[in-house]
Amino acid sequence: MILERLKEYIDYRGISIAAFERSIGMANASFGKSLKNKGAIGTDKLEKILNIYPEISPSWLLTGDGKMLIEKCAFDSSHAQKQPTSVYENNLVSDCIISEGSPIRYGSRRNHEGIPLIPLSAIAGVFTGEMSVMEYECERYVIPAFKGADFLIQVKGDSMQPTYYSGDLVACQRVSLNDLFFQWNKTYVLDTVQGAIIKRIRRGSDENHVLIVSDNTNYEPFELSKDQFHGVALVRGLVRLE
């Protein structure tokens, strides 16, 4: 039964039924009622589910045949046919073909396996320790090259081109504000009074300031005082779908 297989997937991912219903536009408690009454689910909802959760195998969902998950790394369903995926760390590049046994795979939310993909809008919670609920709902990815990374975020905009492009995923490691030490010319995620930014950091005019630099030369560098940072994370590397 399709609804039972969906419940199996929900349990596997550790998603609450309420969160799943919201994600596909179902009325509150309607999935639970349909499951209890052994009801059906419309084709429009099935199509939406497969779009929102592209790792689910359509064959498994509809017929029960095969594996629950598609054996590929699908960060975004619109990129599902793009390969290879490149993992960049410390200026080394290694190509990993999207296939069974890929170095990149989905992690289990239930067991907090892998690195959580955090929305930029929620970046403040990463540094304040208020992410426990959101991390439970976030997609998680296992990327062996980035052991020690605390979270992933998606790059937005063009200010860091040609190094980082909009849509890239960057792996970040938190840096303590109590003993803040910057590695000059490295890229950091900074939670500032004006929001989160991804920039390169260079030496400022004095020990209390740093120079914020974009890799895109159309953006002028500017200085910020260190006391304007609510949180800091070092960018360990990136994942790019090519």
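As the structure is a prediction and not an experimental result, all values here were calculated from the model.

Reading guide: rules and limits
- Residues numbered from 1 in each chain as written.
- Predicted model: local features only at pLDDT ≥ 70, side-chain atom pairs only at ≥ 80, totals over all residues.
- Heavy atoms only, no water.
- Helix = DSSP H or I, 4+ residues; strand = E, 2+ residues; numbered from the N terminus.
- Buried < 20%, exposed > 50% of the residue type's maximum accessible area, 1.4 Å probe, protein only.
- Contact = heavy atoms within 4.5 Å.
- Areas by Shrake-Rupley, 256 points an atom, 1.4 Å probe, with all protein chains shown as cover.
- Salt bridge = Lys/Arg side-chain N within 4 Å of Asp/Glu carboxyl O.
- Core = buried A, V, L, I, M, F, W, Y, C linked by side-chain atoms within 4.5 Å.
- Polar contact = N/O pair within 3.5 Å; in protein donor to acceptor, adjacent residues only side chain to side chain.
- Pairing = 2+ DSSP bridges.

*Asks:* Even after reading the chapter, I still don't get the overall build of the protein chain, so can you show me in this structure?
*Replies:* Check the secondary structure of the protein chain and you find seven helices and 12 strands. Buried positions account for 42% of the 242 residues belonging to the protein chain. Considering only contacts within the protein chain whose residues lie at least 6 apart along the sequence, 61% involve residues at least 24 apart. Approximately 12700 Å² of the protein chain is accessible, and the part contributed by carbon and sulfur atoms is 49%.

*Asks:* Help me understand the environment of Tyr141, please; the structure alone is not making it clear to me.
*Replies:* Note that Tyr141 resides in strand S5 (residues 140–142). C-alpha of Tyr141 to C-alpha of Ile115: the two residues are 26 residues apart in sequence and 5.2 Å apart in space.

*Asks:* I keep staring at the pattern of salt bridges and nothing clicks. Help me out?
*Replies:* Two side chains that carry opposite charge are able to pair once their charged atoms sit near each other. Taken as a whole and judged by the stated rule, the model has three salt bridges. Of the charged contacts, one joins Lys7 and Asp11 as a salt bridge, the two residues approaching to 2.9 Å between their closest N and O atoms. With Lys7 and Asp11 both in helix H1 (residues 2–13), this residue pair falls four residues apart, about one helical turn. In this structure, Arg200 and Asp215 form a salt bridge, with 2.7 Å as the shortest nitrogen-oxygen distance. Residue Arg200 is located in strand S9 (residues 195–203), and its partner Asp215 is located in the loop between strand S10 (209–213) and strand S11 (222–225); the two are separated by 15 residues in the primary sequence. Comparing Arg200 with Asp215, the two get one shared label, buried.

*Asks:* How should the nonpolar core be read in this particular structure?
*Replies:* The nonpolar side chains of a soluble globular protein tend to be buried with one another. Ranked by size, the top nonpolar core spans 18 residues in total, and within it Leu6, Phe20, Ile49 and Tyr53 carry the most contacts. Put simply, the parts of the chain that give this core at least two residues each are H1, helix H2 (17–24), helix H4 (43–52) and helix H5 (58–63). Tallying contributions element by element places H1 first for this core, with four residues. Among all residues touching Ile49, those that are not within four sequence positions of it are Leu6, Phe20, Ile24, Ile41 and Ile56. Core analysis: the next-biggest nonpolar cluster, separate from the first, contains 13 residues, Ile118, Phe151, Val170 and Val235 among them.

*Asks:* Before we go on, may I ask you to explain the side chain of Ser159 in this structure?
*Replies:* Looking at the secondary structure, you find Ser159 in the loop between strand S6 (151–154) and strand S7 (169–175). The class for Ser159 is buried, based on a relative accessible area of 14%. Of the polar contacts made by the side chain of Ser159, one reaches the side chain of Lys199; its length is 3.0 Å. If we skip the residues at most four places from it in the chain, Ser159 touches Lys199, Ser214, Asp215, Asn216 and Tyr219.

*Asks:* I keep staring at the pairing of strand S8 (residues 187–192) and nothing clicks. Help me out?
*Replies:* Two faces make up the sheet, and in a regular strand the side chains alternate between them. For S8, a buried count of six out of six residues is recorded, marking the element as mostly surrounded by other parts of the structure. If you look at the hairpin formed by S8 and S9, you'll find two residues sitting between the two strands.

*Asks:* Quick question: what am I supposed to make of the environment of Leu46 here?
*Replies:* Note on placement: Leu46 falls in helix H4. Among residues more than four places away in sequence, those in contact with Leu46 are Ile2, Ile41, Leu61 and Leu62.

*Asks:* When you look at the environment of Ile118 in this model, what are you seeing that I'm missing?
*Replies:* Along the chain, the position of Ile118 falls in the loop between strand S4 (115–116) and helix H6 (123–128). As for Ile118 and Ile153, which are separated by 35 residues in sequence, their C-alpha atoms are 5.3 Å apart.

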